[in-house]
Amino acid sequence: QVKVVESGGGLVQPGGSLMLSCKASDVTFSIHGMGWYRQGPGKARELVALMANGALPTYGDSVKGRFTISRGDAENTVNLQMNSLKPEDTGVYYCNVHAPPTWADMNYWGKGTLVTVSE
């Protein structure tokens, strides 16, 4: 089974920055995309940023211009640089790995890393 592990969460002040990292291991297929989703208190899980193979990254409206997704140096890794953080950015951030159609478009999720934006 694919293993997805996030890291980098923590407590930051409003206006601060944080970088999250994700590593997928035990992957036996060509990953079609990796991305980040988040779930704030009392909210539904929402798209933060998505990087699909051969396409420009996609961002949720609430983070455009502030967050940047990028591929890591190692294979099957992805980073999320978060700048100008706001209290409403608080939540658990999950890394997603999307398998190709030959693997039934399956999605694999990490356990999440908590980001808290507060004074």
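Definitions and cut-offs
Residues numbered from 1 in each chain as written. Predicted model: local features only at pLDDT ≥ 70, side-chain atom pairs only at ≥ 80, totals over all residues. Heavy atoms only, no water. Helix = DSSP H or I, 4+ residues; strand = E, 2+ residues; numbered from the N terminus. Buried < 20%, exposed > 50% of the residue type's maximum accessible area, 1.4 Å probe, protein only. Polar contact = N/O pair within 3.5 Å; in protein donor to acceptor, adjacent residues only side chain to side chain. Contact = heavy atoms within 4.5 Å. Core = buried A, V, L, I, M, F, W, Y, C linked by side-chain atoms within 4.5 Å. Pairing = 2+ DSSP bridges. Salt bridge = Lys/Arg side-chain N within 4 Å of Asp/Glu carboxyl O.

A. Fine view of the side chain of Asp89. By the element assignment, Asp89 lies in the loop between strand S8 (77-82) and strand S9 (91-98). Overall, the relative accessible area of 0% leaves Asp89 in the buried class. Of note is the side chain of Asp89, whose polar atom sits 2.7 Å from the backbone nitrogen of Lys86. Every residue in contact with Asp89, bar those within four places of it in the chain, is listed here: Arg38, Arg66, Phe67, Ser84, Val115 and Val117.

B. Spotlight on the nonpolar core. Within the largest apolar cluster, 29 residues are counted, with the highest numbers of intra-cluster contacts made by Trp36, Leu80, Met82 and Tyr93. For this core, the secondary structure elements donating two or more residues are strand S3 (18-25), strand S4 (33-39), strand S5 (46-52), strand S7 (67-71), S8, S9 and strand S11 (113-117). At 4 residues, S3 tops the list of elements feeding residues into this core. Beyond its immediate chain neighbours, meaning those up to four positions away, Tyr93 contacts Glu6, Leu20, Trp36, Tyr37, Arg38, Val48, Phe67, Leu80, Met82, Gly112, Thr113 and Val115.

C. Main features of the pairing of S5. Pairing of S4 with S5, which is carried by 6 bridges, proceeds in the antiparallel orientation. The residue of S5 that forms the bridge with Arg38 is Glu46. The pairing of S5 with strand S6 (residues 58-59) spans 2 bridges and is classified as antiparallel. Its bridge partner lying in S6, Leu50 is registered against Thr58.

D. Main features of the pattern of salt bridges. Counted by the stated rule, this structure contains 4 salt bridges. A salt bridge links Asp61 to Lys64, with the nearest nitrogen and oxygen atoms 3.1 Å apart. Accessibility classification places Asp61 together with Lys64 in one group, the exposed group. Asp89 is paired through a salt bridge with Arg66; the nearest N and O atoms lie 2.8 Å apart. Separated by 23 residues along the polypeptide, Asp89 in the loop between S8 and S9 and Arg66 in the loop between S6 and S7 bring together distant segments of the chain. Arg66 matches Asp89 in its accessibility class, with the two residues each being buried.

Everything listed here is a matter of geometry and, on its own, says nothing about what the molecule does.
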